[in-house]
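Okay, here's what each chain looks like letter by letter:
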Amino acid sequence: MSPSDKKYDMNYYAKSALAGGLCCSVTHGAVCPVDVVKTRIQLEPQKYNSGMLGGFRTVIKEEGAMALSTGLAATAVGYFIQGWFKFGGVEFFKIKAANAMGPEKAWNNRTAIYLGAAAGAEFIADIFLCPLEACRIRSVSDASYAPSFPGVAARLLKEEGFVRGFYSGFGPILFKQIPYTMAKFAVQGLVSEKMYLQMGKKPTEMSGAANMGVSLSSGVVAGVTAAIISHPADTLLSKMNKAGAGGTGSIPVRMMNVTKEMGVVNLCTSGLGARCVMIGTLTALQFGIFDSVMRLLGAEKFHFHPPGH
């Protein structure tokens, strides 16, 4: 279906944004314990050196089971905002580009449209996500830093200032999230497209359960691919938001210092297994929830189709 076949107005984009906010908040909140352990592995690989299950055991033994929910409030709020702008933005940019090109050119350039729409939407989303992610990582790396999410934010602002406190990780978060989101939407879109073509059916001709199966299956493939691509920057982001990481100087200088300290191999592999499990599951659930909420809201999601179909 091309955008000219159906009116995609601000009401549609608002529904997309709401569905995106819900799917990101719910899924990131649900995997918060995995994220806590993954972040600990990245920050202290010498201590947490016995894999994912060993990391869980260490955290629970030393700090109790509730430590696995550290940063949950910042995660839920931050990723609702991020999901709002990311999913809503991708739909907006994707449809506007397809409208400008026309059905045939849009179909032939759909991968470029996916990549461009995802990059633009993610950049905007990360402006809002970065301060909340800084609070989450600081609370995970130092459980005694402050007793609550507002307390973490207030102390960061007081002690380190607005830019250093909340945006030290802006470079790494862009380096992490933009390639991740580009891969996530492009791979999911192309894999789901191949699945529908193989079945010889359009999404509108299939049941809700069948469409959910396509969303989940393509989401797993997209999630694992995106996790591998973006993992070095994810490790760097975790390090950059730890107190004193990279010494003094500008953010690029501190990023280079952290990279030198860790080594490129460790930067690319520390916590990678845990992140593939987490992001593969999370991405599959995100697309499943997003599509389900869109259907509940009465919005028919835009899909690229060959001209004449």
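Above this text sits the structure in question.
Nothing here was measured: the structure is a model prediction, and the numbers come from that model.

### Quick word on the overall build of the protein
Scanning the protein for helices and strands turns up 13 helices and zero strands. Mapped from its N terminus to its C terminus, the protein presents α and β elements in the order α-α-α-α-α-α-α-α-α-α-α-α-α. A compact globule built from 309 residues should have a C-alpha radius of gyration of about 19 Å, and the protein, at 20 Å, falls within 12% of that. Viewed in the frame of its principal axes, the protein has a C-alpha envelope of about 60 × 35 × 35 Å. By residue count, 50% of the 309 residues in the protein fall in the buried class. Across the protein, contacts joining residues at least 24 apart in sequence account for 79% of those joining residues at least 6 apart.

### Overview of the packing of aromatic side chains
A complete count under the given rule lists 17 aromatic pairs for this structure. Summarising the aromatic geometry, the rings of F87 and F287 are spaced 5.9 Å apart at their centres and angled 65° between planes, so their arrangement reads as edge-to-face. Remark: F287 occurs in helix α13 (residues 272-296) and F87 occurs in helix α4 (residues 72-101); sequence separation between them is 200 residues. Each member of the pair, F87 as well as F287, carries the same accessibility label: buried. Note on F185 and F287: the rings are 5.5 Å apart at their centroids and 80° apart in plane angle, and the pair reads as edge-to-face. Residue F185 is located in helix α9 (residues 170-199), and its partner F287 is located in helix α13; the two are separated by 102 residues in the primary sequence. The class of F185 is buried, set by a relative accessible area of 6%. Through successive ring pairs, a cluster of aromatic residues spans Y8, Y12, Y13, F92, F93, Y114, F302 and F304. Across from the ring centre of W107, 3.7 Å away, lies the NZ or CZ of R110, which sits over that ring. Against the face of Y145 rests R155, its NZ or CZ located 4.1 Å from the ring centre.

### Considerations on helix α7 (residues 149-160)
A rise of 1.5 Å per residue sets the reference length of α7, with its 12 residues, at 16 Å; its end C-alpha atoms lie 16 Å apart and thus fit the reference within 8%. Two residues or fewer past α7, G161 is found with a positive phi of approximately 85°.

### A short note on the packing of helix α6 (residues 110-141) against α9
In a packed pair of helices, the relevant descriptors are the angle between the two axes and the axis-to-axis distance. In the contact formed by α6 and α9, the axes pass within 8 Å of each other and the chain directions differ by 140°. One way to sum up the angle between α6 and α9 is to call them oblique. Crossing geometry of α6 relative to α9 is assigned as right-handed. Split by residue class, the contact of α6 with α9 holds 16 nonpolar, four polar and six charged.

### Let's talk about a nonpolar patch on the surface
Taken together, the side chains of M10, F92, F93, F123, I124, I127 and F128 present a nonpolar region at the surface, about 590 Å² in accessible area. Residue assignment for the nonpolar patch shows that the elements contributing at least two residues are α4 and α6. For the nonpolar patch, the element with the highest residue contribution is α6, accounting for four residues. Within the secondary structure, F123 is located in helix α6.

### Re the packing of helix α1 (residues 10-30) against α4
Where α1 contacts α4, the axes come no closer than 6 Å and their chain directions differ by 145°. Between α1 and α4 lies a crossing of right-handed hand. Tallied by class, the residues present in the contact of α1 with α4 amount to 16 nonpolar, 10 polar and three charged.

### Considerations on the nonpolar core
Burial of nonpolar side chains together is a common tendency in soluble globular proteins. Core analysis: the biggest nonpolar cluster contains 39 residues, and Y12, F87, F302 and F304 have the highest contact counts within it. Looking at this core, the elements that each hand over two or more residues are α1, α4, α5 (103-108), α6, α7, α8 (162-167), α9 and α13. In this structure F304 touches K94, A98, A106, W107, R110, I113 and Y114, once residues within four positions along its chain are discounted. The next biggest cluster of nonpolar side chains, apart from the first, holds 10 residues, and it includes V31, Y180, A226 and L282.

### Here we look at the pattern of salt bridges
Applying the stated criterion to the full structure yields 10 salt bridges. Across the salt bridge formed by R136 and E133, the nearest N and O atoms sit 3.0 Å from each other. Of the two residues, R136 and E133 both sit in helix α6, three residues apart, roughly one turn of that helix. One exposure class covers both R136 and E133, and it is buried. Where R155 meets E159, a salt bridge forms, and the shortest distance between an N and an O atom there is 2.8 Å.

### Considering the side chain of S139
Within the secondary structure, S139 sits in helix α6. In this structure S139 comes out as buried when scored by relative accessible area, which is 10%. Discounting chain neighbours no more than four positions away, the residues touching S139 are T70, G71 and V152.

About the cut-offs
- Residues numbered from 1 in each chain as written.
- Predicted model: local features only at pLDDT ≥ 70, side-chain atom pairs only at ≥ 80, totals over all residues.
- Heavy atoms only, no water.
- Helix = DSSP H or I, 4+ residues; strand = E, 2+ residues; numbered from the N terminus.
- Rg over C-alpha atoms; globule rule 2.2 N^0.38 Å.
- Buried < 20%, exposed > 50% of the residue type's maximum accessible area, 1.4 Å probe, protein only.
- Contact = heavy atoms within 4.5 Å.
- Phe/Tyr/Trp six-rings, centres within 6.5 Å; stacked < 30°, edge-to-face > 60°.
- Lys NZ or Arg CZ within 6 Å of the ring centre and 35° of its normal.
- Expected span 1.5 Å × (residues − 1).
- Axes fitted to C-alpha atoms, helices over the stretch in contact; angles between N-to-C directions.
- Parallel < 35°, antiparallel > 145°, perpendicular 65-115°, else oblique.
- Left-handed = near helix turned anticlockwise from the far one by under 90°.
- Nonpolar A, V, L, I, M, F, W, Y, C, P; charged D, E, K, R; others polar.
- Patch = residues over 30% accessible without salt bridge, like charges linked within 9 Å, V, L, I, M, F, W, Y side chains within 5 Å.
- Areas by Shrake-Rupley, 256 points an atom, 1.4 Å probe, with all protein chains shown as cover.
- Salt bridge = Lys/Arg side-chain N within 4 Å of Asp/Glu carboxyl O.
- Core = buried A, V, L, I, M, F, W, Y, C linked by side-chain atoms within 4.5 Å.

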